[in-house]
Amino acid sequence: MLDPFAGAGTTGLIAEQMGRDATLIELNADYAEMARVRLASTS
Ligand SMILES: C[S@@+](CC[C@H](N)C(=O)[O-])C[C@H]1O[C@@H](n2cnc3c(N)ncnc32)[C@H](O)[C@@H]1O
């Protein structure tokens, strides 16, 4: 999956649940960090 407007990374979390790879792009550094933390906590 590709989410070029990733926000807090929900697409990445769902991709992981579905066993899919995901590439996330996010402009806002604070949201990007939030996505990193959320994804790290589930893997
Ligand atoms: C509505 S949110 C995305 C929600 C996300 N898809 C989800 O499912 O949780 C839109 C995001 O796009 C980001 N954004 C806006 N313009 C952008 C750009 N040119 N490149 C990357 N990210 C961008 C904003 O910072 C914002 O976090």
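Our subject is the structure that appears above.
Residues numbered from 1 in each chain as written. Predicted model: local features only at pLDDT ≥ 70, side-chain atom pairs only at ≥ 80, totals over all residues. Heavy atoms only, no water.

Here the focus is the pattern of salt bridges. Side-chain pairs of opposite charge can arise where the charged atoms are in close proximity. As enumerated under the stated definition, the model contains 1 salt bridge in all. Residue Arg36 is joined to Glu33 by a salt bridge in which the shortest nitrogen-to-oxygen separation is 3.0 Å. Separated by 3 residues within a single helix, Arg36 and Glu33 lie in helix H2 (residues 29-42), roughly one turn from each other. Take Arg36: its relative accessible area is 53%, and that puts it in the exposed class. (Salt bridge = Lys/Arg side-chain N within 4 Å of Asp/Glu carboxyl O. Helix = DSSP H or I, 4+ residues; strand = E, 2+ residues; numbered from the N terminus. Buried < 20%, exposed > 50% of the residue type's maximum accessible area, 1.4 Å probe, protein only.)

Here we come to the site of the ligand. The immediate surroundings of the ligand are formed by Asp3, Pro4, Phe5, Ala6, Gly7, Thr10, Thr11, Glu26, Leu27, Asn28 and Tyr31. In the environment of the ligand, an oxygen atom lies 2.6 Å from a nitrogen or oxygen atom belonging to the side chain of Glu26. Here a nitrogen atom of the ligand sits 3.1 Å away from a polar atom, N or O, in the main chain of Leu27. Computed on the free molecule, the ligand has an accessible area of 610 Å², of which 53% lies beneath the protein chains in the complex. Looking at the shell around the ligand residue by residue, the class counts come to 5 nonpolar, 4 polar and 2 charged. (Near = heavy atom within 4 Å. Polar contact = N/O pair within 3.5 Å; in protein donor to acceptor, adjacent residues only side chain to side chain. Areas by Shrake-Rupley, 256 points an atom, 1.4 Å probe, with all protein chains shown as cover. Nonpolar A, V, L, I, M, F, W, Y, C, P; charged D, E, K, R; others polar.)

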